[in-house]
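Here is how the chains run, residue by residue.
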Amino acid sequence: MITFIPLTGFLGAGKTTTMTAAALALQEQGRKVAVITNDQGVELVDTKLVRSKLDSVAEVTGGCFCCKFEDLVEAIVALVASDSVDTVIAEAVGSCTDLQATVVRPLRQYYGDDMVVAPLTTVVDPLRHLAFARAAERGEPESDLSYLFRQQVTEADVIAVNKLDTIKPDRAEELLASLRTNNPKATVVGYSATTGAHLDTLLDAWQAPATNEDVVLDIDYDRYAAAEAQLAWMNQELDLTAVGEGFDATAWARTVLQELSVWAAEHDAVIGHAKITVETADGDFAKLSLTESGAQPTLDRAAADAPAGRAVVNARVACEPAALDAAVTEAVKAADLATAVTSSATTPVSFKPSYPRPVHRLAPAGA
């Protein structure tokens, strides 16, 4: 019998960091853990970072778990068969919701003899949550993105507030208390996946029974689709060559994201996330990420100087695809100039997600 742990949560909440930190912690407890990343596109930055830390990793690309349900099942089966794992943690696309009905219940109904499905966990970025809450307090109409975020929180068995170290302790306590009051059926925990602080509270929550499994979201799929369609999704690969003997891969990636951050702030474009890896010729790689317009990038992994490398850019930004393509192109030019690099890019693969059409959508038992 294997344990399947499903994660959801808005773009930039730290699902991948949470998944990786939790997998390592469970391995220390003697569990054999595999993870599955998920995205609307392909060439995922996160997968490379996860594979640098964990042995058993799979991807489901080209759509969310709800629309690629059989692909998810095949990935689970393959991981169990090849690596003899007993626990699989999987993170859904950051723009996806309604997972209780479209993923959790179908897994329990059709594969319950072989699989224990842990409580559905929604990972929350406290600053993103507070930004949506402030807009509501000001009486602003609920945006489609805020609507999507609210649905993700509403359906959670476990609300996992990540990055709790990024806000003051009294603010953190207020946020956790508010989430508990407004979501009485959910278990609310706070932690930092980066530092590992209080991560044990999340692991404990996964051992408890699901408390919100009978939830039925009052969800408008047209509005859900509109929320996803606000975001341009762009993946691009670039070959990088130093003008001199070597270039700083970390500095190149940081400059691209800094330029993109400034552009997004100037154009009032919400950044879901923007992530870059640069793999150098000797196999090392740098990875940086950005989750807020106007903010500085976060360094996840640095790399030594190298004569050449290959970059992968994943950007999810609330704008038109053509505008995102142009913004990244200009950001790359600035990074090339700043770090003495010549870059050669593939054609950007920018798109907006198609209408969500889940394979299954099951009501609670007895409903």
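Residues numbered from 1 in each chain as written. Predicted model: local features only at pLDDT ≥ 70, side-chain atom pairs only at ≥ 80, totals over all residues. Heavy atoms only, no water.

**Q** Please explain the overall build of the chain as it appears in this structure.
**A** Broken down by element type, the chain carries 11 helices and 15 strands. The C-alpha radius of gyration of the chain comes to 20 Å, within 12% of the 21 Å expected for a compact globule of 367 residues. If one aligns the C-alpha atoms of the chain with their principal axes, the spans along those axes are about 65 × 50 × 40 Å. Out of the 367 residues belonging to the chain, those deemed buried represent 56%. Look at the contacts in the chain between residues 6 or more apart in sequence, and 79% of them connect residues 24 or more apart. Here the chain displays about 15200 Å² of accessible surface, and carbon together with sulfur accounts for 50% of that area. Side-chain charges in the chain split into 29 positive and 51 negative, and the spacing between the mean points of these groups amounts to 3 Å. (Helix = DSSP H or I, 4+ residues; strand = E, 2+ residues; numbered from the N terminus. Rg over C-alpha atoms; globule rule 2.2 N^0.38 Å. Buried < 20%, exposed > 50% of the residue type's maximum accessible area, 1.4 Å probe, protein only. Contact = heavy atoms within 4.5 Å. Areas by Shrake-Rupley, 256 points an atom, 1.4 Å probe, with all protein chains shown as cover. Lys, Arg positive; Asp, Glu negative; His and termini not counted. Charge placed at Lys NZ, Arg CZ, Asp CG, Glu CD.)

**Q** Quick question: what am I supposed to make of the pairing of strand β13 (residues 308-317) here?
**A** Moving residue by residue along a regular strand, the side chains alternate between the two faces of the sheet. The element β13 is extensively covered by neighbouring structure, given that 8 of its 10 residues are classed as buried. Sheet topology places strand β9 (residues 232-242) next to β13; 10 bridges connect them, and they run antiparallel. When the sheet's bridge partners are listed, T241 is paired in β13 with A308. Bridge count between strand β10 (residues 271-280) and β13: 9 bridges; the pairing is antiparallel. Paired with T280 across the bridge in β13 is G309. (Pairing = 2+ DSSP bridges.)

**Q** Would you take a moment to explain the environment of L72 for this structure?
**A** With respect to the helices and strands, L72 occurs in helix α3 (residues 69-83). Expressed as a C-alpha distance, the spacing of L72 and P348, which sit 276 residues apart in the sequence, is 27 Å. Filtering out sequence-adjacent residues up to four positions away, L72 remains in contact with F4, I36, V60, F65, V103 and L107.

**Q** Would you explain helix α7 (residues 169-182) in this entry?
**A** Because an α-helix completes one turn every 3.6 residues, residues spaced three or four positions apart along the sequence face the same direction. Taking 1.5 Å per residue, 14 residues should reach 20 Å; α7 reaches 20 Å between its end C-alpha atoms and fits that length. Among all positions in α7, only A172, L175, L176 and L179 are buried. Taken end-on, α7 shows its buried residues confined to a sector of 95°, consistent with a single buried face. Exposed residues pointing more than 90 degrees away from the buried face of α7 are listed as D170, E173, E174, T181 and N182. At its buried positions, α7 is contacted by α5 (126-137), α6 (144-154), β7 (158-161) and β8 (187-190). (Expected span 1.5 Å × (residues − 1). Arc of directions from axis to C-beta.)

**Q** Honestly, the packing of aromatic side chains in this entry has me stumped. Any pointers?
**A** Centre-to-centre distance and the angle between the planes together describe a pair of aromatic rings. Scanning the model with the defined rule gives 5 aromatic pairs in all. Here the aromatic rings of F10 and F132 are separated by 6.1 Å at their centres, their planes lie at 90°, and the arrangement is edge-to-face. Within this pair, whereas F10 is found in the loop between β1 (2-8) and α1 (15-28), its partner F132 is found in helix α5, the two being separated by 122 residues in sequence. For the pair shown, F10 and F132 are each scored as buried. Seen in terms of ring centroids, Y221 and Y224 are 5.2 Å apart; in terms of plane orientation they differ by 70°. Their pairing is edge-to-face. (Phe/Tyr/Trp six-rings, centres within 6.5 Å; stacked < 30°, edge-to-face > 60°.)

**Q** Even after reading the chapter, I still don't get α5, so can you show me in this structure?
**A** With 12 residues, α5 ought to run about 16 Å at 1.5 Å a step, and its terminal C-alpha atoms sit 16 Å apart, in line with that. Listed in full, the buried residues belonging to α5 are P126, R128, H129, L130, F132 and A135. In this structure, the buried side of α5 is in contact with β6 (121-124), α6, β7, α7 and β10. With a side-chain oxygen lying 2.9 Å from the backbone nitrogen of L127, the N-terminal cap of α5 falls on D125. Where α5 terminates, the next one or two residues include G139, which has phi positive at roughly 80°. (Polar contact = N/O pair within 3.5 Å; in protein donor to acceptor, adjacent residues only side chain to side chain.)

**Q** Could you clarify how one ought to interpret the pairing of strand β11 (residues 285-290) in this entry?
**A** With 6 of 6 residues buried, β11 is to be regarded as a mostly interior element. Residues F285, K287 and S289 of β11 are buried on one face, and the alternating residues A286, L288 and L290, pointing to the opposite face, are buried as well. Between β10 and β11, which follow one another and run antiparallel, lie 4 residues, and G283 among them has a positive phi close to 95°. When β11 meets strand β12 (residues 298-301), the two strands line up antiparallel, connected through 3 bridges. Counted as the bridge partner of K287 is R301 from β12.

**Q** How should I be thinking about the nonpolar core in this particular structure?
**A** The tendency in soluble globular proteins is for nonpolar side chains to be buried as a group. If you look at the biggest cluster of nonpolar residues, it comprises 57 residues, and the most contacted ones within it are F4, I36, F65, L107 and I159. Per element, the largest residue contribution to this core is 6 residues, and it comes from α3. The contacts of I159, once residues within four sequence positions are left out, are T122, V124, V153, L179, N183, A186, T187, V188 and V189. Ranked by size, the runner-up nonpolar core spans 35 residues in total, among them M234, A303, A315 and V341. (Core = buried A, V, L, I, M, F, W, Y, C linked by side-chain atoms within 4.5 Å.)

**Q** What exactly am I supposed to notice about the packing of α5 against α6 here?
**A** Two packed helices can be described by the angle between their axes and the distance between those axes. Remark: α5 packs on α6, axes separated minimally by 11 Å, with the N-to-C direction vectors making an angle of 120°. Here α5 is positioned oblique relative to α6, judged by the angle of their axes. As for the relative orientation of α5 and α6, their crossing is left-handed in sense. From α5, R128, H129 and F132 reach across to α6, where they touch L145, S146 and F149. For the contact of α5 with α6, the per-class residue count stands at 3 nonpolar, 2 polar and 1 charged. (Axes fitted to C-alpha atoms, helices over the stretch in contact; angles between N-to-C directions. Parallel < 35°, antiparallel > 145°, perpendicular 65-115°, else oblique. Left-handed = near helix turned anticlockwise from the far one by under 90°. Nonpolar A, V, L, I, M, F, W, Y, C, P; charged D, E, K, R; others polar.)

**Q** What exactly am I supposed to notice about the environment of S343 here?
**A** For S343, the location among the structural elements is in strand β14 (residues 341-345). For the pair S343 and V270, spaced 73 residues apart in sequence, the C-alpha to C-alpha distance is 27 Å. In this view, S343 contacts L238, D239, L240, V332 and D336; residues no more than four positions away in its chain are not counted. In this structure the side chain of S343 is engaged in a polar contact, spanning 2.5 Å, whose partner is the side chain of D336.

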